[in-house]
Amino acid sequence: MAEQSPPYWVLISVLFSSQPLTPSLAMTLHQAAFELYRHGGSEQRVAGDLLTGTVRNLRQDVQMGTLVGPAFEAEIETERGSGTVRFLLTRQGLEMLNAQPDAPPAPPRPRYLN
């Protein structure tokens with residue numbers, strides 16, 4: 001049985017969106033943000049049938065309740081107009097993707113005495 005990718009709500013958590021997000025739009029934003037996160041990039045263009053825009057790595061971790069992860073912002077153009085999306089990649093999603101064979105290993109986390 002072929003492996004399926006996890007649902008988008010496990011991979012990203014939207015902090016703000018001026019446009020309604022469809023599952024395909026959320027996955028497109030996630031893929032661009034994940035590439036920026038993996039390679040340390042600052043900005044990446046995204047384009048598709050119903051989307052164009054730019055995803056920016058904000059280079060900071062955000063915590064919203066129990067969700068923690070690196071923050072990103074996207075300026076997008078869709079069939080419904082232009083908008084802004086602020087979101088984070090969830091740690092759970094990052095751990096799931098790093099467990100896959102094609103993903104590079106995560107950098108070691110510092111160990112603290114406390």
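As the structure is a computational prediction, the values presented were derived from the model and not from experiment. Numbering of residues starts from 1 in each chain and follows the order in which that chain's sequence is written. Selection of residues for local features in this predicted model requires a pLDDT of at least 70, selection of side-chain atom pairs for listing and counting requires 80 or more, and totals for whole chains, interfaces and linings are taken over all residues. Based on all heavy atoms of the structure, the side-chain values leave hydrogens and waters out of the count.

A. How the structure looks around the environment of Gly69. You can see Gly69 is positioned in strand β4 (residues 67–78). In the structure, Gly69 is positioned 18 residues away from Phe87 in sequence and 9.2 Å away in space, judged by C-alpha atoms. Whether two residues touch is decided by their heavy atoms; if any such pair falls within 4.5 Å, the residues are in contact. Not counting residues up to four positions away in its chain, the partners in contact with Gly69 are Gln60, Asp61, Val62, Leu88, Leu89 and Arg91. Here a helix means four or more residues in a row that DSSP labels H or I, a strand means two or more in a row labelled E, and each is numbered from the N terminus.

B. Representation of the packing of helix α2 (residues 23–39) against helix α3 (residues 91–98) within the structure. Axis geometry follows a simple rule: fit a line to the C-alpha atoms, using only the stretch in contact for helices, then measure angles between N-to-C directions, giving values from 0 to 180 degrees. The interhelical angle for the contact between α2 and α3, taken along N-to-C directions, is 75°, at an axis separation of 12 Å. Accordingly, the angle class assigned to the pair α2 and α3 is roughly perpendicular. Note on element contacts: α3 touches α2 through Arg91, Leu94, Leu97 and Asn98, opposite His30, Phe34 and Tyr37. We call Asp, Glu, Lys and Arg charged. Ala, Val, Leu, Ile, Met, Phe, Trp, Tyr, Cys and Pro are nonpolar, and the rest, Gly among them, are polar. Of the residues belonging to the contact of α2 with α3, the class tally is four nonpolar, two polar and one charged. Just so you know how the angles are binned, under 35 degrees is roughly parallel, over 145 roughly antiparallel, 65 to 115 roughly perpendicular, and the rest oblique.

C. Up close: the nonpolar core. By convention a nonpolar core is built from buried Ala, Val, Leu, Ile, Met, Phe, Trp, Tyr and Cys residues, the set being connected through side-chain atoms within 4.5 Å. Accessibility here uses a 1.4 Å probe with only protein chains present; expressed as a share of the type maximum, an area under 20% marks a residue as buried, one over 50% as exposed, and anything in between as partly exposed. By size, the foremost hydrophobic cluster in this structure holds 21 residues, and its most contacted members are Leu29, Val55, Phe72, Ala74, Ile76, Phe87 and Leu89. Sorting the residues of this core by element identifies α2, β3 (51–64), β4, β5 (81–89) and α3 as the ones contributing at least two each. Per-element accounting of this core gives the leading share, eight residues, to α2. Setting aside its immediate chain neighbours within four residues, Leu89 contacts Leu11, Ile12, His30, Ala33, Phe34, Tyr37, Val68, Gly69, Pro70, Phe72 and Leu94.

D. Layout of the packing of aromatic side chains. The pairing test for Phe, Tyr and Trp rings, Trp by its six-membered ring, is centres within 6.5 Å, and the orientation test on the planes gives stacked under 30 degrees, edge-to-face over 60, and tilted for anything in between. All told, the structure shown has one aromatic pair when counted by the stated rule. Ring centres 5.8 Å apart and planes at 20° place the aromatic pair Phe72 and Phe87 in the stacked group. Taken together, the residues Phe72 in strand β4 and Phe87 in strand β5 connect sequence positions 15 residues apart. Comparing Phe72 with Phe87 shows no difference in burial state: the two are buried.

E. Layout of a nonpolar patch on the surface. Residues enter a patch when their relative accessible area is above 30% and they make no salt bridge; the linking distance is 9 Å between like charges and 5 Å between nonpolar side chains (Val, Leu, Ile, Met, Phe, Trp, Tyr). Computed with a 1.4 Å probe, the accessible areas rest on the Shrake-Rupley method; for each residue, only the protein chains presented here act as cover. We define a salt bridge as a contact between a side-chain nitrogen of Lys or Arg and a carboxyl oxygen of Asp or Glu at a distance within 4 Å. On the surface, Leu15, Phe16, Met64 and Leu67 cluster together into a nonpolar patch covering about 310 Å² of accessible area. Position of Leu67 relative to the elements: it lies in strand β4.

F. α3, seen in detail. Turning to α3, its buried residues are Gly93, Leu94 and Leu97. For α3, the buried positions fall inside an angular range of 100° around the axis, keeping them on one side. For α3, the elements touching its buried residues are α1 (8–11), α2, β4 and β5. Throughout, the arc means the angular range of directions from the helix axis out to the C-beta atoms.

G. Seen up close, the pattern of salt bridges. Under the counting rule described, the total for this entry stands at three salt bridges. Salt-bridge contacts for Asp61 lead to Arg91; the nearest nitrogen and oxygen are separated by 2.7 Å. One end of the pair, Asp61, is in strand β3; the other, Arg91, is in helix α3, and 30 residues separate them in sequence. Given the relative accessible area of 49%, Asp61 is considered partly exposed. Assessed through its relative accessible area of 26%, Arg91 is described here as partly exposed.

H. Examining α2 more closely. Over its 17 residues, α2 runs 24 Å from end to end, which matches the ideal 24 Å to within 8%, given 1.5 Å per residue. Taken residue by residue, α2 has Leu25, Ala26, Met27, Leu29, His30, Ala32, Ala33, Phe34 and Leu36 as its buried positions. Backbone geometry just after α2 places Gly40 at a positive phi near 70°. Each helix should span, by expectation, one fewer than its residue count multiplied by 1.5 Å.

Such coordinate-based values are descriptive only and should not be taken to indicate function.
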